[in-house]
Amino acid sequence: TSINTCRDSLAIVSTLAQQGFVSSKSTADSDTQTFLIRSVSAFVEPATNDTTNGKVVSDSLRNITEGLLSSMTIGQAPIDLSADNLQLSLRNDLSIDLENSTLSPPATSAETQYGVLPLSLDFAGSTASSCASDDNYVSLSIMKWAVNPYANSSDVLSPVLRLSTS
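Residues numbered from 1 in each chain as written. Predicted model: local features only at pLDDT ≥ 70, side-chain atom pairs only at ≥ 80, totals over all residues. Heavy atoms only, no water.

**Student:** Can you tell me about the nonpolar core, naming the residues and giving the values?
**Tutor:** Within the largest apolar cluster, 23 residues are counted, with the highest numbers of intra-cluster contacts made by Ile 37, Leu 61, Leu 86, Leu 88 and Leu 90. Looking at this core, the elements that each hand over two or more residues are α1 (2-21), α2 (28-43), α3 (51-71), β1 (79-83), β2 (86-94) and β5 (137-145). Sorting elements by how many residues they give to this core places α3 first, with six residues. Once you skip the residues sitting within four places of it in the chain, Leu 88 turns out to touch Ile 37, Leu 61, Thr 65, Ile 79, Asp 80, Leu 81, Pro 106, Ser 141, Ile 142 and Met 143. Formed by seven residues, the second largest nonpolar core is a distinct cluster that contains Ala 128, Val 138, Leu 140 and Ile 142. (Core = buried A, V, L, I, M, F, W, Y, C linked by side-chain atoms within 4.5 Å. Buried < 20%, exposed > 50% of the residue type's maximum accessible area, 1.4 Å probe, protein only. Helix = DSSP H or I, 4+ residues; strand = E, 2+ residues; numbered from the N terminus. Contact = heavy atoms within 4.5 Å.)

In structure tokens:
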């Protein structure tokens with residue numbers, strides 16, 4: 001069916017991003033980054049019993065995130081990407097800079113307008129250093145699903161926060 005063809009296409013494109021065919025270094029690539037995140041966002045649907053869509057969405061987002069994080073230089077300014085159904089922040093920070101810090105995905109314009117408190121993650125003390133590479137940098141992403149895409153999870157009523165490190 002056509003939805004399966006589209007899912008397959010998203011999986012292929014995200015694999016290309018994971019393999020380094022999308023960079024986080026140039027301004028020209030920022031449109032591509034936004035397009036990729038909006039593409040994933042378009043597939044996000046409220047949770048159902050269909051495990052295929054949630055897996056494709058989650059795997060595609062992971063692939064794109066890994067590709068962008070691997071192309072970031074150490075200490076590069078965070079990259080914030082936002083789409084209707086997900087908000088994502090990519091970072092490559094010195095672990096000491098994350099001590100006692102609070103990280104949040106970017107807010108949507110509606111959240112900003114209405115003063116919605118952001119979902120956040122606190123790094124107490126030097127806990128971020130456990131995620132650091134040999135050069136003491138922490139390459140991570142923090143994101144929020146606006147809609148929970150995971151199958152059989154209708155009991156989860158709040159937004160879902162996701163943290164990943166590489």
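**Student:** Give a detailed account of the pairing of β2, specifying residues and quantitative values.
**Tutor:** In terms of burial, β2 is largely enclosed, as eight of its nine residues are buried. In this sheet, β2 lies alongside β1 in antiparallel orientation, the contact comprising five bridges. Bridge assignment links Leu 81 to a residue of β2, and that residue is Leu 88. Bridging between β2 and β5 involves nine bridges; their strand directions are antiparallel. Note that in β5 the partner of Leu 94 across the bridge is Tyr 137. (Pairing = 2+ DSSP bridges.)

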